[in-house]
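Next come the chains, spelled out residue by residue.
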Amino acid sequence: MKYISLGNRQEKYNLKEVLFRGLAPDGNLFMPESIPTLDASFFKELPHMDLPEMGFHVLSQFMSEDLSDDVLKQITKETFSFDIPLKKVEEGVYVLELFHGPTQAFKDVGARCLSRLLGHFNKGESRKLMVLTATSGDTGGAVAHGFHRVPGVEVVVLYPYGKVSPYQEYQITGPGDNVHAIAVDGSFDDCQRLVKEAFNDQVLREQIYMTSANSINIGRLVPQSVYYFQVISQLRRMGIEDAPVITVPSGNFGNITAAMLATRMGLPVKRFIAATNANDVVPRFLKSGKYDPQATIPTVANAMDVGDPSNFSRMFDLFRNDIDDLRKNLISSPVSDDEIKSTIVEVYKSKGYLMDPHTASAYAVVKKERKDDETAVFVSTAHPFKFNEVIDQILPGELNKSGYSIDFEIGKNVGKDIMPAFYKEFRSRIEKMA
Ligand SMILES: *Cc1c(COP(=O)(O)O)cnc(C)c1O
């Protein structure tokens, strides 16, 4: 499989180039040059496969030209090292829990796979590979844990000092070793700007390979398709044969794009629903046909606070940039903070199922859009414990009652390395690490 840029389909890139570059030289996103379809025997076998096997079959469609079967099997085994169960919430409604990985959010899947792919392709290189990541919270933890002790790769995670939750900060600063966490004295935008300046620094680029670990990297996107096959596998095992409606709480629209990629490979899905919070660029786009990015609005589901979703062009491309085709397959609606909170309380009280704010936005939309005879699956993108400040506020004491606890020391490693938001300062640190 070769890859192309969405801005230029003529030029082809191999997997290593695509992973190391992150973005195409013309600034556009990479896509596979074609989307392979899986044959009937794969779907027949699906209910009997475990996740690493599914992962191997799906990823080999995209990567077998560049990786041996043995290497890819090892990578998928290490990526899918935790459960991704499908659970029934009520009649006709199921939840896919993506939060059983090391940082309790779905981003663990993409981060683990990307880290191992990069580690593999950097073997035998004389230059070090540096992965630069700016995070407003969730990505940083997943990247820090996913890349921890991957040989030959140094990771820098920039996060805004004092602006991530104590638990998120603990996850970012905890791993250490080859993972360098830097608290930037500034905003998330400052963190992103510093990373961009480093990528544009041609002198630095001649000394060091640098890439990004955010969701534009195809090495994060493709593995996320795998767990949508798990949905069908689990439904079949429960004796449910119809194609489900799939709902994904969306920010940069990487997760839902991965699901759409799976349907292009043959996965039976009736239609998609993207839940958003007040950051409703895509719902407005579906209505008006105009893509109109906005400044980010802060909400209780803050990992979805995105005013200009980075995977939008990839998603639209899967529907040949035809808005009518997209409208046939995708519904998207925004959910307010009040609705998110009341949904968490109501579902907990009536069904005993506790959701984090992101997951709750998905459930709220399922309730509005699901037709009586449909099988609906929504994905849970984070464990409620990760957003304990919100849960404790609306359901005081209930998180503790659930018996769930995480070995987490508030204040440990916090603010270990605080840096002013100046590029000169950042650059000299990168040089020291390389
Ligand atoms: C990142 C994130 C999202 C949004 O996922 P996208 O792929 O950016 O749409 C949703 N929920 C949680 C908990 C997240 O961390």
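What you see is a predicted model; the values in this text were computed from it and never measured. (Residues numbered from 1 in each chain as written. Predicted model: local features only at pLDDT ≥ 70, side-chain atom pairs only at ≥ 80, totals over all residues. Heavy atoms only, no water.)

Peer 1: How do you make sense of the packing of aromatic side chains when you look at a structure like this?
Peer 2: The relation between two aromatic rings is expressed through the spacing of the ring centres and the mutual angle of the planes. Under the counting rule described, the total for this entry stands at 15 aromatic pairs. Centre to centre, the rings of F285 and Y291 are 6.3 Å apart; their planes meet at 70°, and the pair counts as edge-to-face. Centroid distance Y291 to F312: 4.3 Å. Interplanar angle 25°. Geometry classified as stacked. One end of the pair, Y291, is in the loop between helix 12 (281–288) and helix 13 (312–318); the other, F312, is in helix 13, with 21 residues separating them in the sequence. For Y291, a relative accessible area of 28% translates into the label partly exposed. The exposure class assigned to F312 is buried, which follows from its relative accessible area of 9%. Over the aromatic face of F56 sits the side chain of K73, whose NZ or CZ is 4.9 Å from the ring centroid. Above the ring of F319, the side-chain terminus of R264 is found at 5.1 Å from the ring centroid. (Phe/Tyr/Trp six-rings, centres within 6.5 Å; stacked < 30°, edge-to-face > 60°. Helix = DSSP H or I, 4+ residues; strand = E, 2+ residues; numbered from the N terminus. Buried < 20%, exposed > 50% of the residue type's maximum accessible area, 1.4 Å probe, protein only. Lys NZ or Arg CZ within 6 Å of the ring centre and 35° of its normal.)

Peer 1: Would you explain the environment of D242 in this entry?
Peer 2: Looking at the element boundaries, D242 is found in the loop between helix 10 (218–237) and strand 10 (245–249). A residue is classified by how much of its surface remains accessible, and D242, at 34% relative accessible area, is partly exposed. C-alpha separation for the pair D242 and E374, spaced 132 residues apart in sequence, amounts to 8.2 Å. Beyond its immediate sequence surroundings of up to four residues, D242 is in contact with R236, D373 and T375. A distance of 3.0 Å separates the side chain of D242 from the side chain of T375, its partner in a polar contact. (Contact = heavy atoms within 4.5 Å. Polar contact = N/O pair within 3.5 Å; in protein donor to acceptor, adjacent residues only side chain to side chain.)

Peer 1: Can you walk me through the UniProt feature "domain: Tryptophan synthase beta chain-like PALP" (unreviewed entry) in the chain in this structure?
Peer 2: As recorded in UniProt, the feature "domain: Tryptophan synthase beta chain-like PALP" (unreviewed entry) lies at residues 90–380. Split by type, residues 90–380 is 45% helix and 18% strand. Its first and last C-alpha atoms lie 15 Å apart. (UniProt positions renumbered as here; feature names shortened; annotations may be inferred.)

Peer 1: Teacher, can you tell me more about the site of the ligand here?
Peer 2: K107, D138, G251, N252 and T381 are the nearest of the 15 residues found near the ligand. Between F253 and the ligand, the recorded distance is 2.9 Å, taken from a backbone N or O atom to an oxygen atom. A distance of 3.2 Å separates an oxygen atom of the ligand from a polar atom in the backbone of G254. Taken by itself the ligand offers 380 Å² of open surface, and the protein chains cover 97% of this. (Near = heavy atom within 4 Å. Areas by Shrake-Rupley, 256 points an atom, 1.4 Å probe, with all protein chains shown as cover.)

Peer 1: Hey, could you run me through the sheet that holds strand 8 (residues 179–185) in this one?
Peer 2: Remark on secondary structure: sheet strands pair via backbone hydrogen bonds, oriented parallel or antiparallel. Strand order in the open sheet formed by 5 strands is 9-6-7-8-14, and the pairing between neighbours is parallel. Edge positions in the open sheet fall to strand 9 (209–212) and strand 14 (418–420), since each of these has one partner strand only. Neighbouring strand axes in the sheet, compared pairwise and without regard to direction, differ in orientation by 30° on average. Where strand 8 and strand 14 come together, 3 bridges link them in parallel fashion. Bridge pairing in strand 14 links D185 to P420. Contacting strand 6 (129–134), strand 7 (153–160) and strand 8, helix 6 (residues 138–147) runs over the sheet at an angle of about 160° to strand 7. (Pairing = 2+ DSSP bridges. Axes fitted to C-alpha atoms, helices over the stretch in contact; angles between N-to-C directions.)

Peer 1: What is the right way to look at the sheet that holds strand 5 (residues 93–97) in this model?
Peer 2: Sheet architecture is open: 6 strands sit in the order 4-5-13-10-11-12, paired in mixed fashion. Strands at the two margins of the open sheet, each flanked by one partner only, are strand 4 (86–90) and strand 12 (330–334). If you compare each strand with its neighbour and ignore which way they point, the axes differ by 25° on average. Inspection of the sheet shows strand 11 (residues 271–276) paired to strand 12 by 5 bridges, in the parallel sense. Considered in strand 12, the bridge of A275 is made with S333.

Peer 1: Which parts of the structure should I look at to understand the side chain of T299?
Peer 2: If you trace the backbone, T299 turns up in the loop between helix 12 and helix 13. Here the side chain of T299 touches N277 through a polar contact of 2.8 Å, side chain to side chain. At 2.7 Å, the side chain of T299 forms a polar contact with the side chain of D305.

Peer 1: Can you walk me through the pairing of strand 7 in this structure?
Peer 2: Burial of strand 7 is extensive: 8 of the 8 residues sit out of reach of the surface. Here strand 7 shows two buried faces, one formed by V153, V155, V157 and Y159 and the other by E154, V156, L158 and P160. Inspection of the sheet shows strand 6 paired to strand 7 by 6 bridges, in the parallel sense. Its bridge partner lying in strand 7, L132 is registered against V156. What joins strand 6 to strand 7 is helix 6, and the crossover it makes is right-handed. Relative to strand 8, strand 7 is paired through 6 bridges, and the arrangement is parallel. For L158, the partnering residue across the bridge sits in strand 8 and is I182. (Right-handed = clockwise from strand over helix to strand, strands pointing away.)

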